[in-house]
Amino acid sequence: MLMAAMLAMPALAQEESDAPEAEVDDTAEAASSTPRRAPVDARRLMISTGLGSRALAARYPDAAVWLQNSEGGDELALLEREQRAPAKGAVLILGAEGQSAASSLAGAMREALAARGWAAMTLGLPVGPGDGPPPAPAQTSTQTAAEPDPAPTGGEAANPALAASGESSVIDVMAKEPVADLTGQYRERVASTLSAARSRLQQQGYQRVVLVGVGRAAMPVWREAQAANGRSAELVWIAPRFAADERQAWPASLEGQSDWQVLDLAPARAQPEVASQRAAVFRRQGIQGYQQQAVAMAALPTARDARQVVSRLVAWLQRKD
């Protein structure tokens with residue numbers, strides 16, 4: 001009996017060691033036969049390519065005004081009528097780049113000006129070429145061209161001539177317009193929208209239309225004033241900024257505008273030396289109606305700065321009253 005028990009022990013140990021192994025194999029086989037599903041993310045990426053004009057028009061149906069640009073498309077403006085009669089005039093505000101007609105400083109100024117007896121129309125300014133992320137197809141194409149080709153099989157390059165020259169074999173088939181052409185089209189679109197907005201205000205009886213540009217909108221409103229009024233105009237710059245190709249060119253546009261009335265509201269703590277240099281340019285051109293005021297506001301003003309900005313603006317507008 002003792003001998004039989006000793007002979008049975010190795011066989012029992014072998015069976016116990018084989019059991020887990022069999023379980024592992026069965027599990028692995030089941031896993032390989034059943035396809036795994038990636039976890040589902042319930043969130044969706046929302047991509048916006050415009051200024052939300054349709055949604056804004058639905059939100060402000062009584063204020064929405066549709067204008068046509070040079071490309072035949074529709075641009076949204078929001079018009080707030082004066083709350084005191086008679087109307088003192090209209091203020092046409094082009095907001096900072098990338099902001100809609102209802103957002104940030106421009107949107108807050110609209111209601112504040114209407115409460116003080118001024119009609120106020122606001123426009124959004126789309127992001128210009130080269131100032132924002134490239135469109136998705138162009139970005140994908142650029143990244144594809146920049147990636148190195150996979151290592152060729154067999155240890156030799158598929159195209160020895162390309163390998164020796166170091167050039168990529170990936171061909172970018174997307175036609176890219178020159179940046180200068182895109183910039184010209186963009187500025188023409190903005191200019192045509194501004195012109196349509198000013199004409200609409202004048203058609204509704206507002207003969208005194210004051211142009212206001214926030215940030216990068218400084219040069220578009222300046223060009224519109226030149227096109228519309230020639231030697232006499234009223235316009236306001238709020239924390240003006242300029243595109244790279246405009247920084248050297250804009251002083252020359254002041255020539256012959258000695259009768260213009262210009263209010264320059266500059267952030268008090270953001271690059272005061274730049275504001276001083278800008279004021280010096282106006283003085284050298286002999287524009288007596290230029291006035292610069294330092295305002296305690298952000299470098300790119302927000303809705304919180306609207307109250308003091310409107311106070312300065314209305315006080316300046318009342319100089320003729």
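These notes cover the structure that comes with them. (Residues numbered from 1 in each chain as written. Predicted model: local features only at pLDDT ≥ 70, side-chain atom pairs only at ≥ 80, totals over all residues. Heavy atoms only, no water.)

### Quick look at the side chain of Arg 110
Among the structural elements, Arg 110 can be located in helix H3 (residues 104-115). For Arg 110, a relative accessible area of 2% corresponds to the buried category. Apart from the residues within four sequence positions on either side, Arg 110 is in contact with Tyr 60, Leu 78, Leu 79, Glu 80, Ala 101, Ala 102, Ala 120 and Thr 122. (Helix = DSSP H or I, 4+ residues; strand = E, 2+ residues; numbered from the N terminus. Buried < 20%, exposed > 50% of the residue type's maximum accessible area, 1.4 Å probe, protein only. Contact = heavy atoms within 4.5 Å.)

### Here we look at the packing of aromatic side chains
Two descriptors summarise a pair of aromatic rings, namely the distance from one centre to the other and the angle between the planes of the rings. Per the stated rule, a full pass over the model turns up 9 aromatic pairs. Between Trp 237 and Phe 282, the ring centres sit 5.8 Å apart and the planes meet at 75°, which makes this aromatic pair edge-to-face. Remark: Phe 282 occurs in helix H8 (residues 272-284) and Trp 237 occurs in strand E6 (residues 234-238); sequence separation between them is 45 residues. On the basis of relative accessibility, which here comes to 0%, the residue Trp 237 falls in the buried class. On the basis of relative accessible area, Phe 282 is assigned to the buried category, the value being 0%. With a centroid separation of 5.8 Å and 40° between ring planes, the pair formed by Trp 250 and Phe 282 is classed as tilted. Of this pair, Trp 250 sits in the loop between E6 and strand E7 (261-267) while Phe 282 sits in helix H8, and the two are 32 residues apart along the sequence. (Phe/Tyr/Trp six-rings, centres within 6.5 Å; stacked < 30°, edge-to-face > 60°.)

### Section: unusual backbone geometry
The omega torsion of the bond from Ala 85 to Pro 86 falls at -5°, within 30 degrees of zero and hence cis. Here Pro 86 shows up in the loop between strand E2 (74-80) and strand E3 (90-97). Phi is positive for Ala 239, close to 45°, though the residue is something other than glycine. Positioned with a positive phi, Gln 271 is a non-glycine residue whose angle comes to about 50°. Summarising the element assignment, Gln 271 is placed in the loop between E7 and H8. Residue class for Gln 271 comes out exposed when judged on its relative accessible area of 53%.

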